[in-house]
Amino acid sequence: AGENVPTVERIVSEGKDGIVKGEPFAAHGANLSFHRAAGDSVTVKWTQDGEEKSLALEPSATDPTKISFDAVEAFDDIPDETELTFVFELGGESVEKSTGFVEG
């Protein structure tokens, strides 16, 4: 731990307070540099029909305060009221942040 611990304040589509299906979205925070070669990963988890599901996500762009993602096709099949929990494994630290869907 230390000052390089990643923090995620919010995960939202641009101008919204949640993720809009079919739109790109981003995680905003601090110390969010993503290095796939170092083993960093982002996974989203949710429960659907009583079943735990998860999906590895590939960032489209990253910088220390933001990890961007393209629209995720799989989200189209998830009910609107579902809570999504994102797990960021960055630089050996793990941080979780939950968000939900909002209307576009």
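The rules behind these values
- Residues numbered from 1 in each chain as written.
- Predicted model: local features only at pLDDT ≥ 70, side-chain atom pairs only at ≥ 80, totals over all residues.
- Heavy atoms only, no water.
- Helix = DSSP H or I, 4+ residues; strand = E, 2+ residues; numbered from the N terminus.
- Rg over C-alpha atoms; globule rule 2.2 N^0.38 Å.
- Buried < 20%, exposed > 50% of the residue type's maximum accessible area, 1.4 Å probe, protein only.
- Contact = heavy atoms within 4.5 Å.
- Areas by Shrake-Rupley, 256 points an atom, 1.4 Å probe, with all protein chains shown as cover.
- Pairing = 2+ DSSP bridges.
- Axes fitted to C-alpha atoms, helices over the stretch in contact; angles between N-to-C directions.

A. Representation of the overall build of the protein within the structure. Of the regular secondary structure elements, the protein holds zero helices and eight strands. Along the protein, helices (α) and strands (β) appear in the sequence β-β-β-β-β-β-β-β when read from the amino end. Here the C-alpha radius of gyration of the protein, 13 Å, is about what a compact globule of 104 residues would show, namely 13 Å. Dimensions of the protein, computed from C-alpha atoms along their principal axes, come out at roughly 35 × 30 × 20 Å. Per-residue burial over the protein gives 37% buried out of 104 residues. Pairs at least 24 residues apart make up 57% of the contacts formed inside the protein by residues separated by at least 6 positions. Carbon and sulfur atoms make up 43% of the accessible area of the protein, which amounts to about 5,900 Å² in all.

B. Molecular detail of the side chain of Ser-68. Along the polypeptide, Ser-68 turns up in strand β6 (residues 66–69). The class of Ser-68 is buried, set by a relative accessible area of 16%. In this structure, Ser-68 is in contact with Phe-25, Ala-26, Pro-59, Ser-60 and Ala-61, ignoring residues within four places of it in sequence.

C. Highlighting the sheet that holds strand β4 (residues 51–57). An order of β4-β3-β7-β8 is seen for the four strands of this open sheet, with the pairing classed as antiparallel. Unpaired on one side and paired on the other, β4 and β8 (93–100) mark the two borders of the sheet. The sheet shows a mean angle of 20° between the axes of neighbouring strands, taken without regard to direction.

D. Spatial organisation of the environment of Arg-36. Tracing the sequence through the fold places Arg-36 in the loop between β2 (25–30) and β3 (41–48). Arg-36 sits in the exposed class, given a relative accessible area of 55%. Along the backbone, Arg-36 and Leu-57 are 21 residues apart, and their C-alpha atoms lie at a distance of 11 Å.

E. A look at unusual backbone geometry. Positive phi is not limited to glycine here, since Asn-31 has a value of about 55°. Within the secondary structure, Asn-31 is located in the loop between β2 and β3. The backbone of Asp-49 shows a phi angle near 55°, a positive value even though the residue is not glycine. Along the chain, the position of Asp-49 falls in the loop between β3 and β4.

The analysis is restricted to geometry; functional conclusions fall outside its scope.
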